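# Examining the three-dimensional arrangement
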Amino acid sequence: MQGASGMKVVAAWLLGLVLVVAGFIGTVTVLNSTLYSPGYQVEEYFEALRSGNGERALGLLNASVPEGSAAVLDDAALQRGASAVQDVEVQEPAAAGEDRVDVPVSYRIGETDYTTSFPLERTGSEWLFFSTWEFVPSALPTVEISVGDMAESTVNGLRIATPEGRTALPTFYPVELVAHYTSEYFAAPSRALPVTSSNPGDNALPLEPAPTPALVEAVDGEIRRFLDDCAARAVFQPANCPFNFQTDQRVAGDIRWSIQRYPEIRIEPDGGGWALAPLAGSAQLDTQLQDLFTGAIEDISATRDFEFTARLTVTNSSVTVTPVIEF
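Residues numbered from 1 in each chain as written. Predicted model: local features only at pLDDT ≥ 70, side-chain atom pairs only at ≥ 80, totals over all residues. Heavy atoms only, no water.

So, on to the pairing of strand S22 (residues 319–324). Bridge count between strand S21 (residues 297–314) and S22: six bridges; the pairing is antiparallel. Bridge pairing in S22 places threonine 313 opposite threonine 320. In this structure, the hairpin formed by S21 and S22 is closed by a connection of four residues. (Pairing = 2+ DSSP bridges. Helix = DSSP H or I, 4+ residues; strand = E, 2+ residues; numbered from the N terminus.)

As structure tokens, this is what we get:
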């Protein structure tokens, strides 16, 4: 009886050992497919992007940062870029050589579906049983922002300097960069660029600022004041003005100028800056003239079409228009 009892104890002990070993193997398998899997590293990277933790994202991606502005690599600008990436699904790794895999990730930006593959390599193990994976070293992509000759622009809600109208922005991926330019006198509408790999085919995000209605109104006001000042002078040829009246007869009444048609204001690009298109309008002269031979006095109402140009200087706070009169 004791022998049979002993056998049962040994059998129970062996069964327990088998269960422990099986449980351990199962645990190792589960952990290697989750916490210690290459897919888990990719999930952690996406979480770092969503939280705006650029330092952690950079460490996970194992990437170097090219020269340029680091404006969109952290905090709110990074969060905004990552928030456009929706419906993220980390797929099963695909073998890519010895100790290497590619982890495809599908997602959507706007109305377009994308898939980006992240290369990872096995770098060793922890506790002998758990594989460790790291992203294959790479460099972040760079996007060039250009905004004419403006000294700044806004990217993902953050104002950034654009020396000489452009700057290079290293960026994580996948993200969406949204840039625009807005000031009192010039504005460029928002443009978006999805960055979906470390080697984007189109890595430029050009903005094209155009005059705002406020600038057109300011220039129009300057031109009108200039012409009204010319019209207020009671002479046939106001100095440095674009219109005049010539006659051999004697003046017999008041000289009154009035502007009948003010120029249409058109502001056009000019060699990286801005210039006024030629200005055209018409003025009317009302007066009385006396014929030198007969002495007869005649009411005169004469229209004079005119053209001139003007130099335009615009700063952040002022608009200067300098008429250029040539005959």
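Our focus in this paragraph is empty space enclosed by the protein. By rolling a water-sized probe across the atoms, one finds the places where empty space is left. Considering all chains together, one arrives at one cavity of 30 Å³ or more under this definition. As for the largest cavity, its lining consists of Phe46, Leu49, Arg50, Ala82, Val85 and Pro174. No other element matches the three residues that helix H2 (residues 38–50) contributes to the lining of the largest cavity. The class makeup of the residues in the lining of the largest cavity is five nonpolar, no polar and one charged. (1 Å grid on protein atoms, 1.4 Å probe; cavity = no way out; pocket = protein on both sides within 12 Å on 5 of 7 lines; lining within 4 Å. Points joined across faces, edges and corners; volume = space filled by probe spheres on them. Nonpolar A, V, L, I, M, F, W, Y, C, P; charged D, E, K, R; others polar.)

The next thing to look at is the confidence of the model for the protein. Averaged over all residues, the pLDDT of the protein equals 88, while 86% of them reach at least 70. In this model, residues 17–34 is a region of pLDDT below 50 whose contacts with residues beyond four sequence positions or in other chains number eleven contacts. (pLDDT = per-residue confidence, 0-100. Contact = heavy atoms within 4.5 Å.)

Taken as a whole and judged by the stated rule, the model has one disulfide. Two residues share a disulfide in this structure: cysteine 230 and cysteine 241, whose sulfurs sit 2.0 Å from each other. One quick way to see it: the torsion about the S-S bond of cysteine 230 and cysteine 241 is about -90°, and its sign makes the bridge left-handed. Remark: cysteine 241 occurs in the loop between helix H5 (213–231) and strand S16 (250–251) and cysteine 230 occurs in helix H5; sequence separation between them is eleven residues. For the pair shown, cysteine 230 and cysteine 241 are each scored as buried. (Disulfide = S-S within 2.5 Å. Buried < 20%, exposed > 50% of the residue type's maximum accessible area, 1.4 Å probe, protein only.)

By volume, the largest pocket amounts to about 330 Å³. Around the largest pocket, the lining comprises 18 residues; the ones closest to its centre are Met150, Tyr181, Phe186, Val314 and Asn316. Looking at which element gives the most residues to the lining of the largest pocket, the answer is S21, with three residues. Broken down by class, the residue content of the lining of the largest pocket amounts to eight nonpolar, six polar and four charged.

What follows covers helix H3 (residues 54–61). Among the residues of H3, those classed as buried are Gly54, Ala57, Leu60 and Leu61. Around the axis of H3, the buried residues are gathered within 130° of arc, so they sit on the same side. Exposed side chains of H3 directed beyond 90 degrees from the buried face belong to Glu55 and Gly59. A positive backbone phi angle near 60° is found at asparagine 62, which sits one or two residues after H3. (Arc of directions from axis to C-beta.)

Attention shifts here to the packing of aromatic side chains. If you walk through the whole model with that rule in mind, you get 14 aromatic pairs. Consider the rings of phenylalanine 226 and phenylalanine 308, whose centres lie 5.6 Å apart with planes at 55°: the pair is tilted. Taken together, the positions of phenylalanine 226 in helix H5 and phenylalanine 308 in strand S21 put the pair 82 residues apart, joining distant regions of the chain. Each member of the pair phenylalanine 226 and phenylalanine 308 is classed as buried. (Phe/Tyr/Trp six-rings, centres within 6.5 Å; stacked < 30°, edge-to-face > 60°.)

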